[in-house]
Amino acid sequence: MKSIHEIIIEVDKLVPIPQVMNQILAIAEDPDSTMSDIAEVIIYDPIITSSLIKACNSAYYALPRKVNSVKEAIMLLGLNQVIDFVLIKTFSAYMGKEHLGYGLNEGELWRYSVSTALMARDLAERKHASNKQFIFTASLLKDIGKIILDRFVSGAIEEIDDLILSNNYSFREAEEEVIGLDHAELGGIIAEHWNFSPEMTYVIRNHHMTDLSALEDYATSVVYLAEIAAMMTGIGSGTDGLAYRFYESVLEGLEITEDDLQETIALASEHYYDVMQLLSIT
Amino acid sequence: MQIIIGPAQMHIENTRDVILASTSLGSGVGLAAYDPDANIGGILHFLLPSSANNKYRAKKNPFLFADTGISAFLEQMYQHGVRSHGLKLVAAGASHNLNQGTPYDMAQRNCLAVKSILAGLKLTTAYEDFGGSFYRILRIQNGYIYVEVPGHGEKKV
Ligand SMILES: [Fe+2]
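Quick caveat: nothing in here was measured; it's all calculated off a predicted structure.

### Concerning the overall build of chain A
Piece 1. Broken down by element type, chain A carries 15 helices and 0 strands.
Piece 2. Its C-alpha atoms give chain A principal-axis dimensions of roughly 60 × 45 × 30 Å.
Piece 3. Put simply, of all contacts in chain A between residues at least 6 apart along the chain, 69% involve residues at least 24 apart.
Piece 4. Surface accessibility of chain A: about 11,500 Å² in total, with carbon and sulfur atoms responsible for 51%.

Here's what the structure looks like:
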């Protein structure tokens, strides 16, 4: 198909991911990483460093004393919170723009991603997952394919809508049918282009369970369910709406009850407002 | 001026010069109430059907849940001098994923919750719009309540 070729050209044109991002991803995926590893990476990025320190000194954290360095920030907030902050901040540059093909105004794809990541963090904690940081990061990045597919969805939206309404397609299936490539598959291609780990690439590529064997994969299941929960709140919603398939077996596999899911939605949507407030001041 | 009501939030205002609008309604439900005499409007945007297993959280934020949210919302409307007989009510939302069924269909339960709570209070809605796999936005503007489906028009009530 002609458009697939055009899309791949767009991927090659994509600005390279900042070095700090790849290093943080590597650290986030390594359970043996230490505080100094992450501080070492962040201090070489002046923008991230200054916004992190500014956030720490904001009224939001109400810390007893002034924070002056990345190391102090990690000590006070904890390693995971600092990694979350850096990831969310860095990725706002990619996800923060408007994506009108998906009906997303400025900031909405990013808000959707942050909301998904907060849902995922809560689910992973609830289940005592060993790879919480990996799951958080994957949830934040999973829709990266939309930033390029947006332009192609824009010209195909009527055909896509039609397949959903008349032929029971999901939005992803309709993207694949009409454009030749869907946003999850394209996300996988971008992940490879940016040298993400094979594990991260797999989750991004299958976050809508394109390959049904992903239903058996723990991290993919959590990310998938987190996105369902995020859709339910409507935060950062687009024209794709909730038109994605629901697999009850994911909840069974993760042993998430309906009460758990409700708790997650309640907690993460509260937490979402806190995070947005914090980011708006940095 | 426009005031946005996000998930688990509620807002009441004199709407003479103010527009009230919900963020996109997913599986949650938006309830808009408008008193034309007093020009007072309010929108509640709740996410979950019942606070029964979650009393602590409901105490912190009643607007998360249908039961605690609707009663706190209406109580505050009445405190603003609104009377129930002139009140125009519109409810919308409760969208769901494809092939989403029980026991995880919170949208369905949110929809049933708002219907039964309003019926229990002997209140009727002027318009309801539930279901589907798309988002809606509730808005109160210039004396009317609107249910908008972005990209697909809106209904004026
Ligand atoms: Fe997606």
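Next, the rest of the story.
### What about the coordination of the iron ion?
All names here are of chain A.
Piece 1. Protein coordination of the iron ion is provided by D143 (OD), H183 (NE2), H207 (NE2) and H208 (NE2), with donor distances spanning 2.2 to 2.3 Å.
Piece 2. Coordination of the iron ion draws on donor residues from a single chain, spaced D-x39-H-x23-H-H in sequence. Taken as a pair, H183 in helix α11 (residues 183-193) and H207 in the loop between α12 (198-205) and α13 (218-233) lie far apart in primary sequence, 24 residues in all. For the residue pair H183 and H207, the accessibility class agrees, reading buried in each case.

### What about the sheet that holds strand β1 (residues 2-5) of chain B?
Two orientations exist for strands paired in a sheet by backbone hydrogen bonds: parallel and antiparallel.
Residue and element names in this part refer to chain B.
Piece 1. Read from one edge to the other, the open sheet built from 5 strands follows the order β1-β3-β8-β9-β10, with strand pairing classed as mixed. The two strands at the open ends of the sheet, each matched to only one other strand, are β1 and β10 (154-156). Each neighbouring strand pair of the sheet contributes to a mean axis angle of 20 degrees, computed without reference to strand direction.
Piece 2. Relative to strand β8 (residues 137-141), strand β3 (residues 19-22) runs antiparallel, the two being bridged by 2 bridges. Residue pairing for β8: A21 is matched across the bridge by R139.

### Digging into empty space enclosed by the protein
Piece 1. Under the defined criterion, the tally for this structure stands at 1 cavity of 30 Å³ or more.
Piece 2. Considering only enclosed or pocket space, the largest cavity measures out at about 50 Å³ in volume.
Piece 3. Of the residues assigned to the lining of the largest cavity, the class counts are 5 nonpolar, 4 polar and 2 charged.

### Comments concerning the environment of G241 of chain A
Piece 1. Topologically, G241 of chain A is positioned in the loop between α13 and α14 (248-254).
Piece 2. Judged by its relative accessible area of 5%, G241 of chain A is buried.
Piece 3. G241 of chain A sits 83 residues away from E158 of chain A along the chain, and the two C-alpha atoms are 14 Å apart.
Piece 4. Setting aside residues no more than four positions away along its own chain, G241 of chain A makes contact with M231 of chain A together with S133, F134 and Y135 of chain B.

### Concerning the packing of helix α8 (residues 132-141) of chain A against α12 of chain A
All names here are of chain A.
Piece 1. Across the interface, α8 lies against α12 with an axial gap of 9 Å and an inter-helix angle of 50 degrees. Taken together, the axis directions place α8 and α12 in an arrangement best described as oblique. The interaxial crossing formed by α8 with α12 has right-handed handedness. Between α8, through F134, T137, A138 and L141, and α12, the contact on the second element is made entirely by E199, M200, V203 and I204.
Piece 2. Taken together, the residues that form the contact of α8 with α12 break down as 6 nonpolar, 1 polar and 1 charged.

How each quantity is defined
- Residues numbered from 1 in each chain as written.
- Chains lettered and ligands numbered in written order.
- Predicted model: local features only at pLDDT ≥ 70, side-chain atom pairs only at ≥ 80, totals over all residues.
- Heavy atoms only, no water.
- Helix = DSSP H or I, 4+ residues; strand = E, 2+ residues; numbered from the N terminus.
- Contact = heavy atoms within 4.5 Å.
- Areas by Shrake-Rupley, 256 points an atom, 1.4 Å probe, with all protein chains shown as cover.
- Donors = N, O, S within 2.8 Å, 3.2 Å for Na, K, Ca; no water.
- Buried < 20%, exposed > 50% of the residue type's maximum accessible area, 1.4 Å probe, protein only.
- Pairing = 2+ DSSP bridges.
- Axes fitted to C-alpha atoms, helices over the stretch in contact; angles between N-to-C directions.
- 1 Å grid on protein atoms, 1.4 Å probe; cavity = no way out; pocket = protein on both sides within 12 Å on 5 of 7 lines; lining within 4 Å.
- Points joined across faces, edges and corners; volume = space filled by probe spheres on them.
- Nonpolar A, V, L, I, M, F, W, Y, C, P; charged D, E, K, R; others polar.
- Parallel < 35°, antiparallel > 145°, perpendicular 65-115°, else oblique.
- Left-handed = near helix turned anticlockwise from the far one by under 90°.

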